[in-house]
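Results of the structural survey
Each chain is listed here by its residues.
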Amino acid sequence: MKQSRMLDILVIGLALFSMFFGAGNIIFPPYLGMESASQWILGFSSYYLADIGLAVVAIFAVLKYKGDVNYFMSFVGNIPGKIMLSAIILCIGPLIAVPRTGATTYEMFVVPVFGNVSPVVPVFLFFAAIALLSIRPSSVVDILGKFLTPALFFGLIFLIIKGILTPVGTIVDTFKVESVVQQGISAGYQTMDSLAAVVFGMIIVNTVKNKGYTQEQEQYKIAMYASCLAAAGLLLVYGGLTYLGATATSNMQGRLLRTELILYITRELLGKFGVILLGVVVTLACITTAVALITASAEYFCNLSKGKLRYSFLVIFFCAFSALFATLGTDTIVSIAAPILGLLYPGMLVLIACSFVAKRLKSNLIIRFAVFGAILTSLCEFLYTKRFPFSFVTKLPLAGSGFGWIVPSIVFGCIGAILSFLSNKKTAGR
């Protein structure tokens, strides 16, 4: 492999790592480790597969169609595809991910440094800065992003090594959740990396093209190697953070918030200065993440409305909404996001899986029905938690592992295949 090609793979891999490695994502692995206790490896494996494993598969799926996200989403139909893509943009933007950056900044920087002050003023100041930077994007944000990702990465690696050499406690045998696997999958969903990967795939393809690679096979290989490099880096960081959370189980007398746990671990390992330093770096990283997501969301809906919704208006509206939502706190945002992501993820996963064989299928009707089956099952599972009489969802195969939607999706896909066959037969008869 030529040196220049290896360098391009390294650069793209680091860029992809920074896209996935949002500052807010560091709160999930330690908390999962605390909940999983002695079964933290099983919990982490489930988390990693549901997060980065599926995200890499999603990138490969988009790469198969040259990074054309709109064409990729059109397999479920023009209008449904736009609705699903809009839902993804909202989730990785102003509905969940962006408010979480504001809440994380408040809980990991403002509270440790200034005490338990009201979140209203700090959060609104945070999003006022985001609005100013998003309306007129500054190169300073890009510079900070390129610097802060390595700083946050190596800082966390140092924290992990310190935690391995001098653990904050011992790993207990009892875990705090009914199903470690299901909890790991749920945490993987909460990162939203698999949803974001659909958009990231388009960015990676454009980056590879801009570097002068014209052959499709070569583009695919470079993107594949870069994705594997990013996945390896995330495996190292997320695995280490999950272990740190597991070592803290013996010291946990009461319930901690997700941000409180990582702050506790950092304080025990590096002292007050380490907590402040982590808070500063995470805050700056949250700023770059929020600006990127607000900018992408505003541009998408501006283009979708064909300019009827002005970019500047969307930026201000998204920032104002995110500020209001962020004051609820990280854990509340996570709990609100859970059913939304539970509805969206299965349909997207089915679409990603079907996209690999879409060209062999004679009709997109199969994909549409399969996706609909997954979403419908997920909706029934959610309604069952709200005491609707849909107890059948608990008896579905793989329901205990969080994959009860798989069999219904296959059944609905078969129905789509039958309808497609009958439609083609009727057309041929005419």
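Residues numbered from 1 in each chain as written. Predicted model: local features only at pLDDT ≥ 70, side-chain atom pairs only at ≥ 80, totals over all residues. Heavy atoms only, no water.

A word on unusual backbone geometry
In this structure, M192 takes a positive phi of about 65 degrees despite not being glycine. Tracing the backbone through its elements, the reader meets M192 in the loop between helix 9 (180–191) and helix 10 (193–210). For M192, a relative accessible area of 2% gives the class buried. Of note, the phi angle at L398 is positive, near 70 degrees, even though the residue is not glycine. Relative to the helices and strands, L398 is located in the loop between helix 15 (365–385) and helix 16 (406–429). You can call L398 partly exposed: its relative accessible area is 48%. (Helix = DSSP H or I, 4+ residues; strand = E, 2+ residues; numbered from the N terminus. Buried < 20%, exposed > 50% of the residue type's maximum accessible area, 1.4 Å probe, protein only.)

So, helix 12 (residues 258–304)
For helix 12, spanning 47 residues, the distance from its first C-alpha to its last is only 36 Å, which falls clearly below the expected 69 Å at 1.5 Å a residue. Along helix 12, the helix axis deviates most sharply at L270, where the bend reaches about 130 degrees. Looking one or two places after helix 12, you find K306, whose phi comes out positive at around 55 degrees. (Expected span 1.5 Å × (residues − 1). Bend = angle between axes of the 7 residues up to and from the residue.)

Quick look at the layout of surface pockets
Remark: the empty space left among the atoms is shown by a probe the size of a water molecule rolled over them. Its boundaries defined by the atoms lining it, the second largest pocket holds a volume of some 830 Å³. In terms of lining, the second largest pocket is formed by 28 residues, of which the most central are Q182, S186, E381, T385 and G402. Elements with a minimum of two residues in the lining of the second largest pocket: helix 9, helix 14 (330–355) and helix 15. Grouping the amino acids of the lining of the second largest pocket by side-chain chemistry returns 13 nonpolar, 12 polar and 3 charged. (1 Å grid on protein atoms, 1.4 Å probe; cavity = no way out; pocket = protein on both sides within 12 Å on 5 of 7 lines; lining within 4 Å. Points joined across faces, edges and corners; volume = space filled by probe spheres on them. Nonpolar A, V, L, I, M, F, W, Y, C, P; charged D, E, K, R; others polar.)

Topic: the environment of V11
By the secondary structure assignment, V11 is in helix 1 (residues 3–20). The exposure class of V11 is partly exposed, given its relative accessible area of 40%. When the C-alpha positions of V11 and G67 are compared, they lie 19 Å apart, and in sequence the two are 56 residues distant.

Some details on the environment of Y189
Tracing the backbone through its elements, the reader meets Y189 in helix 9. C-alpha separation for the pair Y189 and L54, spaced 135 residues apart in sequence, amounts to 9.8 Å. The residues contacting Y189, other than those within four sequence positions of it, are L341, Y345, L349, F403 and W405. (Contact = heavy atoms within 4.5 Å.)

A closer look at the side chain of T191
By the element assignment, T191 lies in helix 9. With residues near it in sequence (within four places) discarded, T191 still touches N25, F28, Y47, D51 and R100.

Structural notes on the packing of helix 3 (residues 40–63) against helix 9
As a packed pair, helix 3 and helix 9 sit with axes 7 Å apart at the nearest point and diverge in direction by 35 degrees. Once helix 3 is placed against helix 9, the crossing between them reads as right-handed. For the pair formed by helix 3 and helix 9, the contact residues are L42, G43, S46, Y47, A50 and D51 on the first element and V180, V181, G184, I185, A187, G188 and T191 on the second. For the contact of helix 3 with helix 9, a count of residues per class yields 7 nonpolar, 5 polar and 1 charged. (Axes fitted to C-alpha atoms, helices over the stretch in contact; angles between N-to-C directions. Left-handed = near helix turned anticlockwise from the far one by under 90°.)

Comments concerning the packing of aromatic side chains
Counted under the stated rule, the structure contains 22 aromatic pairs. An angle of 85 degrees between the planes, with centres 5.0 Å apart, marks the rings of F126 and F127 as edge-to-face. For F126, a relative accessible area of 9% corresponds to the buried category. Taking relative accessible area as the criterion, F127 reaches 2% and is therefore assigned buried. (Phe/Tyr/Trp six-rings, centres within 6.5 Å; stacked < 30°, edge-to-face > 60°.)

Description of the state of the cysteines
One pass over the full model with this rule turns up 0 disulfides. C91 takes part in no disulfide bond, and the closest cysteine sulfur, belonging to C319, lies 18 Å away. For C91, a relative accessible area of 1% gives the class buried. Sulfur of C302: no disulfide; nearest cysteine sulfur belongs to C319 and is 15 Å away. (Disulfide = S-S within 2.5 Å.)

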